[in-house]
Amino acid sequence: MAESEAEVPKAKPRPIVRLGIFLISHSCLFSVICCTAGVLTLLLLPVLAKNTYISENALMPGSANPMFSSQEVSEANRLVKSLTSLDSKPVGSGIESQRLIAEYMSDLGAEISYHKFYPRSNQFHPLHFFSYPDSGSTRENVSCISHGLNTVGIIRAPRGDGKEAIVLVTPYNSLKVGPGEALSLGIAYSVFSLLTQVTWLAKDIIWLVADSRYGEYAAVNAWLRDYHMPVFSGLSALKAEICPVSNVHNELKENSVTERKINDGFRRAGTMATALVIKVTDGSEHFEDSLSIYAEASNGQMPNLDLINIVNYLAVHRQGLRVKVEKMRSLINCKWLKILGEILQSLGHVAKSLNPQWKFGIPAKDYVEGAATLASSLYYQALGVPTGPHGAFRDYEIDAITMEISSRVALNNKARKNDFLLRGGRLIEGVIRTVNNLLEKFHQSFFLYLLTSPSKFVSVGVYMIAFALLVASLPVVAASLYADAHKVDPSFGIDKSTPQASATDELSITPRSCKWLNAAKKVFLVHLWGAVVSFLPYFICQIPSCTPTTSFVVWVLLSSFSLPILSLILGSSFSYGRPSQPQKRDWTLLKSVTISAAFIGLCLMSVINFATAEIGALLMVPMCLMAQPLKLDIRSRKLRKFLRVACNLALGFLGFPPAGFFVLKGAFEGFGGITVGDFWSWLESIWSWSSATYLYIGWFERTRS
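Residues numbered from 1 in each chain as written. Predicted model: local features only at pLDDT ≥ 70, side-chain atom pairs only at ≥ 80, totals over all residues. Heavy atoms only, no water.

- By the naming in an unreviewed UniProt entry, the chain is Glycosylphosphatidylinositol anchor attachment 1 protein, taken from Juglans regia.

Quick look at the structure:
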């Protein structure tokens, strides 16, 4: 009976367990394959991009003939002429332009109101970091004349119930209206005039003339903040509370020649379905009129892709405009990118010769332009800073884009100017009419995507493959290091049937747990130090008359002193004496815990902002996999170890945020004139927008340590 029990075969581990054992045993090869595949997939994204399409059938863009005619063009010319004539009146020209725009709105029968706002401080505050941008308080000692004044006109839809609205935004400097700003106001006014006469309008129209003397984003964001937060007092009460001697609002009303009364309170319409920011730039195109689309908002937010598809379709197929999205110009003439494009083009020809149905590969020129556009889309999403005033709408989950129309020649010729106004007005009319057909919010198309051209995109299901391949090796390597640190065979084949093995296993539980907790304690200390480093700028900003260079130096010194202080408080040490076998095991366990924390952080960041996580993975994954104690590699005196030391030093240098910033800035803009204060100024520009990239930079420093 005993012999039969001894001959009973042991149960084989499940296939998933065997696969895990195999991957842990070959973690080095697996990590190399995954990292290489992740980088190659990222380079193949322009080839894998799909043509855009309109998902929502109810939109029906271009299904109706445009009603915008030469009569509306003459209305636009009339406003442009009136605005440009104010340039000869420098004194009070701001009030005059606001009064003039209000009079034109009033003549159309629109509801008019003024929105008064004060500039707000963009000071870093850790408690307000994840709130919407510009959440600071009104600047202290602000004078009563240092305020902005938006002009708002509302058209009530004849077939609507007042529950939805479409917003037109035209930023302009009220102190001096430039030619481009005058034309953008003229186009918006002509469309606004047309919409007061149509019968098909089902959504209210809001025309926001944003006073951009303190910034385009600040004016739009201030109006949106008051629009969504009820104010129970009129403008006169606010004026009396903050500036009792200010009479700008009364002057605008008293000197107005219109008979309609300007509303004193804050006027609202329905829920905003979409918003269009209209801008006109000076003629700089050599071939044809163009339309530039800016869509990136804070922390990588993008509008629904259907909105971009509508604008692109109407601009190209109806108005004959050349649609552009931002590109990273430095990559256009990159030689290695051109060579890669030619290789992919040749592979596409070979694939097509083998099977005509295989559509792999694109022309080399298209690949280079697609890669440059993709890199720009990744960069601006990762930076987390809006590319225009449309970003203020995304903070309230409103789909919005900035449309920048540019003429190929200067608009001095009257006929050429009329044609430009006609095409621009019909484009805006077509977009509004298309959105007016929508019965619900944009939801059919994509919100997570990367653009490779105005008509091609990469969806979230495709570009996440590159990120997943990059980070897939981290948990496998962490498990392999954990097994090596405890001298456990990767198969975990411990024969617990013998009492000696059971006793040995029980005795080893406590020391192993202590070692793991000690490594976790050190990782926690470094992360805590990173949090302290991230919050130090709040206190440094309180120092009066502190230059960017001085602020940066103070930040570095305080950061350097804070680590040993935290180490003393928590009783943790990072120093190692002469390397011994137990210390090597402790370092291996520390690396395992660090890689696990990096993997969790990258996955969490991919949910907040994929572009930031993707760029971070490109830097952090090789750094995590190749990191080794420099003392051990240098003492080995082997070529392979010296090469690893060089790679670790290079990755550590580039992974250090100030060094990486100076290298990239010098590569793209030149190294002349770069100062250490530039990095501090750049940090100020991203923390003022509550960009998650700022916290990620602090995490870079923690991981590097």
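That shown, we press on.
**Quick look at the sheet that holds strand S10 (residues 449–453)**
Step number 1: The strand order across the open sheet formed by 3 strands is S1-S11-S10, and the pairing between neighbours is antiparallel. Looking at the sheet topology across the chains shown, the edges are occupied by strand S1 (50–51) and S10.
Step number 2: Lying on the sheet, helix H16 (residues 460–471) is in contact with S10 and strand S11 (456–459); it crosses S11 at an angle near 60°. (Pairing = 2+ DSSP bridges. Helix = DSSP H or I, 4+ residues; strand = E, 2+ residues; numbered from the N terminus. Contact = heavy atoms within 4.5 Å. Axes fitted to C-alpha atoms, helices over the stretch in contact; angles between N-to-C directions.)

**Here we look at the sheet that holds strand S7 (residues 290–294)**
Step number 1: Strand order across the open sheet formed by 8 strands is S2-S3-S5-S4-S6-S9-S7-S8, with mixed pairing between neighbours. Each edge of the open sheet is held by one strand with a lone partner, namely strand S2 (111–117) and strand S8 (322–324). Neighbouring strand axes in the sheet, compared pairwise and without regard to direction, differ in orientation by 25° on average.
Step number 2: Looking at chain direction, S7 and strand S9 (residues 399–406) are connected through 5 bridges and run antiparallel. Across the sheet, residue Tyr-294 finds its bridge partner in S9, namely Thr-402.
Step number 3: Contacts from helix H8 (residues 216–228) reach S2, strand S3 (148–155), strand S4 (164–172), strand S5 (204–211) and strand S6 (271–281) within the one sheet, and its direction differs from that of S5 by about 135°.
Step number 4: Of the strands in this sheet, S6, S7, S8 and S9 are in contact with helix H11 (residues 305–317), which crosses S9 at around 25°.

**Some details on the UniProt feature "transmembrane region" (unreviewed entry) in the chain**
Step number 1: Here the UniProt-annotated "transmembrane region" (unreviewed entry) positions come out as residues 21–45, 460–483, 523–540, 552–576, 588–607, 613–630, 642–664 and 679–699.
Step number 2: In this annotation, residues 460–483 is assigned 96% helix and 0% strand; the end-to-end C-alpha distance for the span is 35 Å. (UniProt positions renumbered as here; feature names shortened; annotations may be inferred.)

**Re the pairing of S6**
Step number 1: For S6, the tally of buried residues reaches 8 of 11 residues, placing the bulk of the element in the interior.
Step number 2: Of the pairings in the sheet, the one linking S6 to S9 comprises 8 bridges and is parallel in character. Bridging from a neighbouring strand, Thr-274 pairs with Asp-399 of S9. (Buried < 20%, exposed > 50% of the residue type's maximum accessible area, 1.4 Å probe, protein only.)

**As for the packing of aromatic side chains**
Step number 1: Inspection of the entire model under this criterion finds 15 aromatic pairs.
Step number 2: Arranged with centres 5.2 Å apart and planes meeting at 85°, the rings of Tyr-104 and Tyr-189 form a pair that is edge-to-face. Separated by 85 residues along the polypeptide, Tyr-104 in helix H6 (residues 93–107) and Tyr-189 in helix H7 (residues 179–195) bring together distant segments of the chain. No difference in accessibility class separates Tyr-104 from Tyr-189, as the two residues are buried.
Step number 3: Taking 6.3 Å as the distance between ring centres and 70° as the angle between the ring planes, the aromatic pair formed by Tyr-227 and Phe-266 counts as edge-to-face. On the criterion of sequence distance, the pair formed by Tyr-227 in helix H8 and Phe-266 in the loop between helix H10 (248–254) and S6 is long-range, its members being 39 residues apart.
Step number 4: Residue classification places Tyr-227 among the buried residues on the basis of a relative accessible area of 8%.
Step number 5: Taken together, the ring pairs in this structure connect Phe-552, Trp-555, Phe-679, Trp-680 and Trp-682 into an aromatic cluster. (Phe/Tyr/Trp six-rings, centres within 6.5 Å; stacked < 30°, edge-to-face > 60°.)

**What to know about helix H12 (residues 335–354)**
Step number 1: With 20 residues, H12 should cover 28 Å at 1.5 Å per step; its first-to-last C-alpha distance of 29 Å lies within 8% of that length.
Step number 2: Listed as buried for H12 are Leu-337, Leu-340, Gly-341, Leu-344, Gly-348 and Ala-351. Projection of H12 onto a plane perpendicular to its axis shows the buried side chains occupying an angular sector of 100°, all on one side. Turned more than 90 degrees away from the buried face of H12, the exposed residues are Lys-335, His-349 and Ser-353.
Step number 3: Where the residues of H12 are buried, they touch helix H3 (27–43), helix H4 (45–48) and helix H13 (364–383). (Expected span 1.5 Å × (residues − 1). Arc of directions from axis to C-beta.)

**Quick word on the nonpolar core**
Step number 1: Within the largest apolar cluster, 74 residues are counted, with the highest numbers of intra-cluster contacts made by Leu-185, Trp-207, Leu-291, Ile-401 and Ile-432.
Step number 2: For this core, the leading source of residues is H7, giving 10 residues.
Step number 3: In contact with Leu-291, not counting residues within four places along its chain, are Val-311, Ala-315, Leu-321, Arg-322, Val-323, Lys-324, Met-403, Glu-404, Ile-405 and Leu-427.
Step number 4: In terms of nonpolar packing, the next biggest core, distinct from the first, is built from 32 residues, Leu-374, Ala-382, Leu-602 and Met-605 among them. (Core = buried A, V, L, I, M, F, W, Y, C linked by side-chain atoms within 4.5 Å.)

**With respect to the confidence of the model for the chain**
Step number 1: Here the chain shows a mean pLDDT of 80. Residues at 70 or above account for 78%.
Step number 2: Within the model, pLDDT remains below 50 along residues 133–142, and this stretch shows 23 contacts once partners closer than five positions in the same chain are excluded.
Step number 3: Every residue in residues 233–242 scores below 50 in pLDDT, and together they form 15 contacts with partners more than four places removed in sequence or on other chains. (pLDDT = per-residue confidence, 0-100.)

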